[in-house]
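# Remarks on the overall topology
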Amino acid sequence: MIFFLLCIIGSVFLFVYSLGVGHFDCGILEAFDIIGKSLRGEELARQTKHIIWYGRTPSGLMAIAAGAILAAGGGVMQTLLRNPLADPYSMGISSGALFGVSIAVIMGISIYDSSQSYAVILNAFVFALVPMAIILMASRRGDMTPSKIILTGIAVMFVFSAFSTTLMLTTDSETLATVYSWRVGTLDGISWASLGIVSVVGVIGISFLLTQARKYNVMTAGDNSAKSMGVDPKRTTLVGMTVISLMTATVVCFTGTIGFVGLVGPHIARLFVGSESKFLIPAAAGFGGIFLLASSCVARVSGPLGLPVGVISAMVGCPLFIIILVKMRSNVWGSGV
Amino acid sequence: MKIDIKEMGFGYTATPVLKGINLAIGGNQLVSILGPNGVGKSTLIHCINKILSPKEGVVLLNDVDVSEITIKDLAKEIGYVPYSTTTSFPLSVVDTVLMGRHPHSKWKTTDEDLQKVYETLDLLGIEHLAMRSFNQLSAGQHQKVMLARGLVQEPKVLLLDEPTANLDIKHQMEVARIMRDLAHEKGITVIMISHDINIAATYSDNVILMYEGSIFAVGTPHEVITKENIKKVYGVESEVVDFRGKPHLVLIDEKLKNLELPKDSYVSMRAQETAAR
């Protein structure tokens, strides 16, 4: 609980600080003044309002929301699949979404209306859910063990990746750059509307996962033991994974594939609060939020035009994780891990 | 609580693992299931607590078909202690045992749940381990924690899959004694799979001997553990002697030869060896 509260307090302070971070020179007090005037509907210089009110504010809040969703989802995925290498993308969500984006951007084909700006978002969302649909269909025809689920996800990932790569090889460099920037994950161009959608989905999704925390604890004992304690492992796994898929697809369709935080975020949280799901889910969410926000601050000032947040989160996060792993107790993983 | 198994059969593939199982078990007793590897002992108890569904026949719990009981309701009646105690993301001992309260709980852990957990830990003499991480424990402590998790379910029947495997002799005896005492004093039916025939003979009230997917013999340890049965089921020669009113198996390996110590072979403690030289 203390870890979670520290993450929340840290996120608030970092968010305030982040409003002043970027190539456009703007102090924190000035940023607050701009936000205040925007909320009151007062006139502002177009560039100032655009950067602070339509840029850094929703981008910072999206970093918190997306980081929280990915890390909480990753923690539950690792628990359900009993695999420390699992993350929200383990089911092939990212490759499905990339394929959806590729056919929308490169071929101009979309689920709804390809002339609209949200065609790419809709395509990414729908195709991100295809791997989970395949897993659900396969589960009706037989037992889907955690290993089978992961292997199915990997197989689906390779199929979608192959199609996406084929499309990317046939396009021009400008279109390729658009698809590629989406692939590495970015918080640029986040709108208030998309932030609202992600926040609502995140609150509902994480709340649901918290209500299932006791079942997830029982799942760590293995399928047979879980059954003997009154938990249906197949149902619990598939319901949990469907919720995580919906949460992750919602994030991915707006931000692209932001890696690392969903995989390593839960492990860092686990080092501080242990593996009890009731504590792990909020702790991972708290850490994921603050970590992605910090990464986005660094990403904004990196290079002449900034870098995608996915690149920074991996660059900063991996060494941090290795240091924590070496320095801290490691008994939060099973003997085989 | 009584368990009736009628004409039960099961197979993971077309080849049956269990066939024509007919058993009736009841009363406050410790029952051991014996038999060679792969004979279907674990499969049998997995069919009893609905981890597996029989392909033929029925398993009745107090005359109700277990296939018609929800797994949550069944978990209130039947507890299970698995063979393997490995866990992917270990919790503290108290949280591990608390899992066993799931069939009786709704959304959150109640004070009553915690009280029962600590009472069970106290009963097994491991209350001092409550806040330790599960994977910091020894094999014997693991087994007791698993046992506590099964007991805190407050089951009428407790199924144990080789609870004494991987334990030293002291812990084997301790765990088997606890099983027997629990059966007699707490009024539950304890069914335990074992590969240690002498442990089963010493502590069990009744024994089930399995052979080639079927029940070969049932009865008291004296009735079941005979040299003829051991020869037939395990294919080994033995002598069964009576020790303190219980049968005791002594294995005979007729193929064992060269009982003399090979020349120039030795094992000694380094200090003694140095002193001797």
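Please read all numbers here as calculations on a predicted model, not as lab measurements. (Residues numbered from 1 in each chain as written. Chains lettered and ligands numbered in written order. Predicted model: local features only at pLDDT ≥ 70, side-chain atom pairs only at ≥ 80, totals over all residues. Heavy atoms only, no water.)

## Thoughts on the overall build of chain B
Of regular secondary structure, chain B possesses 10 helices and 12 strands. Dimensions along the principal axes, computed over C-alpha positions, put chain B at roughly 70 × 45 × 40 Å. Taken over 277 residues, chain B has a buried fraction of 49%. Sequence-distant contacts, at least 24 apart, represent 66% of the contacts inside chain B between residues at least 6 apart. Only carbon and sulfur atoms are counted for the fraction: they give 52% of the accessible area of chain B, which is about 14,000 Å². Each charge sign in chain B was given a centre, from 30 positive and 35 negative side chains, and these centres are 3 Å apart. (Helix = DSSP H or I, 4+ residues; strand = E, 2+ residues; numbered from the N terminus. Buried < 20%, exposed > 50% of the residue type's maximum accessible area, 1.4 Å probe, protein only. Contact = heavy atoms within 4.5 Å. Areas by Shrake-Rupley, 256 points an atom, 1.4 Å probe, with all protein chains shown as cover. Lys, Arg positive; Asp, Glu negative; His and termini not counted. Charge placed at Lys NZ, Arg CZ, Asp CG, Glu CD.)

## Remarks on the pairing of strand β10 (residues 214-219) of chain B
All names here are of chain B. Two strands pair when backbone bridges link them, and strand β9 (residues 206-211) and β10 are joined in this way by five bridges, in the antiparallel orientation. From the neighbouring strand, Y211 faces β10, where its bridge partner is S214. Taken together, β9 and the strand that follows it, β10, pair antiparallel across an intervening segment of two residues, in which E212 is found at a positive phi of about 50 degrees. (Pairing = 2+ DSSP bridges.)

## Observations concerning the interface of chain B and chain A
Counting residues at the interface gives 34 residues for chain B, matched by 30 residues for chain A. Between chain B and chain A lies a buried interface of about 2,500 Å² when both sides are counted; carbon and sulfur atoms form 56% of it. Summed over the three residues of chain B that lose the most area to chain A, namely I71(B), F89(B) and H102(B), the buried surface amounts to 28% of that side. Where chain B packs against chain A, one counts zero salt bridges. One can count six residue pairs in polar contact (both at pLDDT 80 or more) joining chain B with chain A. Secondary-structure elements contributing two or more residues to the side of chain B that touches chain A are α2 (71-77), β6 (78-81) and α3 (93-98) of chain B. Considering each element in turn, the side of chain B that touches chain A owes the most residues, three residues, to α2(B). By residue class, the composition of the side of chain B that touches chain A is 13 nonpolar, 13 polar and eight charged. (Buried area = accessible area lost by both parts, 1.4 Å probe. Salt bridge = Lys/Arg side-chain N within 4 Å of Asp/Glu carboxyl O. Polar contact = N/O pair within 3.5 Å; in protein donor to acceptor, adjacent residues only side chain to side chain. Nonpolar A, V, L, I, M, F, W, Y, C, P; charged D, E, K, R; others polar.)

## Section: a nonpolar patch on the surface
Residues and elements named next belong to chain A. A cluster of nonpolar residues, M1, L5, I9 and F13, forms a patch on the protein surface that exposes about 470 Å² of accessible area. By the secondary structure assignment, L5 is in helix α1 (residues 2-18). According to the relative accessible area criterion, L5 is partly exposed, its value standing at 44%. (Patch = residues over 30% accessible without salt bridge, like charges linked within 9 Å, V, L, I, M, F, W, Y side chains within 5 Å.)

## A few points about the confidence of the model for chain A
Averaged over all residues, the pLDDT of chain A is 84; the fraction at 70 or higher stands at 94%. Considering each helix and strand of chain A separately, the mean pLDDT is smallest for helix α2 (residues 28-40) of chain A, with a value of 75, and largest for helix α8 (residues 192-211) of chain A, with 94. (pLDDT = per-residue confidence, 0-100.)

## Some points on the sheet that holds strand β5 (residues 64-65) of chain B
Residue and element names in this part refer to chain B. Spatially, β2-β1-β4-β5 is the arrangement adopted by the four strands of the open sheet, whose pairing is antiparallel. In this open sheet, the two strands that pair with only one neighbour each are β2 (18-26) and β5. Here strand β4 (residues 56-61) runs beside β5; their pairing, made up of two bridges, is antiparallel. Each residue of the ladder has a partner; that of L60, found in β5, is D65. Seen against the sheet, helix α1 (residues 41-48) touches β1 (2-10), β2 and β4 and runs at an angle of roughly 120 degrees to β1. (Axes fitted to C-alpha atoms, helices over the stretch in contact; angles between N-to-C directions.)

## Digging into the pattern of salt bridges
Residue and element names in this part refer to chain B. Within the structure shown, the criterion is met by 12 salt bridges over all chains. D113 serves as the salt-bridge partner of R101, at 3.0 Å between the closest nitrogen and oxygen. With R101 in the loop between α3 and α4 (111-123) and D113 in helix α4, this pair connects stretches of sequence that are 12 residues apart. Classification of R101 by relative accessible area gives buried; the value is 3%. Within the structure, one salt-bridge network assembled from shared partners comprises R101, E112, D113, K116 and E154.

## Some remarks on the sheet that holds strand β7 (residues 157-161) of chain B
All names here are of chain B. Here we have six strands laid out as an open sheet, ordered β6-β7-β8-β3-β9-β10, and mixed in their pairing. Across the chains shown, the open sheet's two edge strands, defined by having one partner strand only, are β6 and β10. Each strand of the sheet is rotated relative to its neighbour by a mean of 20 degrees, with strand direction disregarded. Of the pairings in the sheet, the one linking strand β3 (residues 30-34) to β9 comprises four bridges and is parallel in character.

## Focus: the nonpolar core
In this structure, I135(A), I206(A), L209(A), M241(A) and I258(A) are the most contacted members of the largest nonpolar core, which totals 87 residues. Leave out the neighbours within four places in its chain, and L209(A) touches A72(A), V76(A), Y216(A), V243(A), I244(A), M247(A) and I281(A). Ranked by size, the runner-up nonpolar core spans 34 residues in total, among them V97(B), A130(B), I199(B) and Y203(B). (Core = buried A, V, L, I, M, F, W, Y, C linked by side-chain atoms within 4.5 Å.)

## A word on unusual backbone geometry
Residues and elements named next belong to chain A. Even without being glycine, R82 reaches a positive phi, approximately 50 degrees. With respect to the helices and strands, R82 occurs in the loop between α3 (46-81) and α4 (93-105). The backbone phi angle of F260 is positive, close to 75 degrees, even though this residue is not glycine. You can see F260 is positioned in the loop between α11 (233-255) and α12 (261-273). Overall, the relative accessible area of 12% leaves F260 in the buried class.

## What about the packing of aromatic side chains?
Residues and elements named next belong to chain A. Overall, the coordinates contain eight aromatic pairs over all chains when judged by the stated rule. Where F99 meets F127, the ring centres are 5.4 Å apart and the plane angle is 75 degrees; that geometry is what we call edge-to-face. On the criterion of sequence distance, the pair formed by F99 in helix α4 and F127 in helix α5 (residues 119-140) is long-range, its members being 28 residues apart. Comparing F99 with F127, the two get one shared label, buried. Taken together, a centroid distance of 5.5 Å and an interplanar angle of 40 degrees make the contact between F260 and F291 tilted. Of this pair, F260 sits in the loop between α11 and α12 while F291 sits in helix α13 (residues 277-301), and the two are 31 residues apart along the sequence. (Phe/Tyr/Trp six-rings, centres within 6.5 Å; stacked < 30°, edge-to-face > 60°.)

## With respect to the side chain of S105(B)
By secondary structure assignment, the location of S105(B) is in the loop between α3 and α4. Overall, S105(B) belongs to the buried group, its relative accessible area being 5%. Here the side chain of S105(B) touches D113(B) through a polar contact of 3.1 Å, side chain to side chain. Residues contacting S105(B), with those up to four places away along its chain left out, are R214(A), K72(B) and D113(B).

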